[in-house]
Amino acid sequence: MTSERPQAAPAAGAENEAAPSTSGCGAVPPTVILVIGMAGSGKTALMQRLNSHLHMRKIPGYILNLDPAVLDVPYGANIDIRDTVNYKNVMKEYNLGPNGGILTSLNLFATRFDQVIRLCEKERNPPLQFIMADTPGQIEIFTWSASGSIITQAFASSFPTMIAYVVDTPRCMSPQTFMSNMLQACSIMYKGQLPLLLVFNKTDVTDHQFALDWMKDYENFNEALESDSTYASTLSRSLSLVLEEFYCNLRTVGVSALTGLGMDEFLEGVKACGQDWHRFYKPELDRRQKAKADAEAQRQADEMSKLSLDRQAETPRPPSASKT
Ligand SMILES: Nc1nc2c(ncn2[C@@H]2O[C@H](COP(=O)(O)OP(=O)(O)OP(=O)(O)O)[C@@H](O)[C@H]2O)c(=O)[nH]1
């Protein structure tokens, strides 16, 4: 049984007290933020910062930890996968390594995700505005697994849902690392079929303007690659052209999970992605669900007509007039 913890309280050092969370009625559904990013990009730190930022602004939020292997969750998660599945026991029981353990734990949790959705849908006063989910650092375990898809689709069919793809900005100063991150973000957006906000984190160390310039102007990125004549660099140049279309429709924001810089802009970006979900993604989702329901209705009708033909074939015919 998936259990709920009390309303998340900000971790030590957070700015203000918690917003109340008693039962009530909410008309506007909360926006789900799936926080995804490479290991060490600052997902957990961002969740912690968001938690304290929402408490400071008295904005009701709800937090999920979907990383079964994390040792310490510095924010107060309302739902924690570790309360349902013990990752170390899963490793022992199924004789798995660390990644297999995380994947199997997530699979086990996904089978009960309807309970999580019901807890998120519970009416509260004031109503929730945001639901935030922290995902495993091994990015592909969430983005390319069946359980990751089940969880994403469960959210996306119940709430406006978006992906916050967290990037380690200082590490992206290397054009090759930048390109790897952009490809990852692009593939996640197309796989998830959801609006994506590119979150340049750690801007207290490095301002993300250089990355915006690279995205805006191909020549700029080309210049950064000039000193590199390897095959990977030639490939990065070509990919940069291919990604132009992706860049121009992409929402971006620069933040620092450490200092809290850019948090209001982050929430603005999340809201804009929520509107994109209503405008572009929800109609497509409805279309896919209708196509699935129509296909199922057609399958049942075909089965019924096959059954009735079989019955007709089996029904004994009245004896025909006796032959002479
Ligand atoms: N300077 C600076 N450091 C940060 C910021 N955000 C995170 N860090 C540091 O980056 C490191 C990784 O942060 P985490 O939040 O653990 O990153 P993560 O993506 O959750 O890592 P995994 O759980 O391994 O996937 C930690 O040492 C953080 O203190 C930031 O905005 N500025």
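Residues numbered from 1 in each chain as written. Predicted model: local features only at pLDDT ≥ 70, side-chain atom pairs only at ≥ 80, totals over all residues. Heavy atoms only, no water.

1. Concerning empty space enclosed by the protein
All told, the structure shown has 2 cavities of 30 Å³ or more when counted by the stated rule. Within this model, the second largest cavity holds a volume of roughly 30 Å³. If you go around the second largest cavity, the residues you meet are Trp214, Met215, Lys216, Asp217, Tyr218, Ser240, Glu244 and Tyr247. Counting only elements with at least two residues in the lining of the second largest cavity, the list comes to helix H8 (209-216) and helix H11 (244-248). Residue contributions to the lining of the second largest cavity peak at 3 residues, all from H8. Of the residues belonging to the lining of the second largest cavity, the class tally is 4 nonpolar, 1 polar and 3 charged. (1 Å grid on protein atoms, 1.4 Å probe; cavity = no way out; pocket = protein on both sides within 12 Å on 5 of 7 lines; lining within 4 Å. Points joined across faces, edges and corners; volume = space filled by probe spheres on them. Helix = DSSP H or I, 4+ residues; strand = E, 2+ residues; numbered from the N terminus. Nonpolar A, V, L, I, M, F, W, Y, C, P; charged D, E, K, R; others polar.)

2. Re the packing of helix H1 (residues 43-56) against helix H12 (residues 263-314)
Think of two packed helices as two axes; the pair is described by the angle between the axes and how far apart they sit. Put simply, H1 and H12 touch, their axes get as near as 11 Å, and they point 95 degrees apart. The angle between the axes of H1 and H12 places the two elements in the roughly perpendicular class. Of the residues in H12, those in contact with Leu46, Arg49, Leu50, His53 and Leu54 of H1 are Met263, Asp264, Phe266 and Leu267. Residues that form the contact of H1 with H12 fall into these classes: 6 nonpolar, 1 polar and 2 charged. (Axes fitted to C-alpha atoms, helices over the stretch in contact; angles between N-to-C directions. Parallel < 35°, antiparallel > 145°, perpendicular 65-115°, else oblique. Contact = heavy atoms within 4.5 Å.)

3. With respect to the pattern of salt bridges
As enumerated under the stated definition, the model contains 11 salt bridges in all. Salt-bridge contacts for Asp286 lead to Lys282; the nearest nitrogen and oxygen are separated by 3.0 Å. Of this pair, Asp286 and Lys282 are both found in helix H12, 4 residues apart, which corresponds to roughly one turn of the helix. Given a relative accessible area of 32%, Asp286 falls into the partly exposed group. A residue is classified by how much of its surface remains accessible, and Lys282, at 28% relative accessible area, is partly exposed. Members of the salt-bridge network, linked through shared partners, are Glu284, Arg287 and Arg288. (Salt bridge = Lys/Arg side-chain N within 4 Å of Asp/Glu carboxyl O. Buried < 20%, exposed > 50% of the residue type's maximum accessible area, 1.4 Å probe, protein only.)

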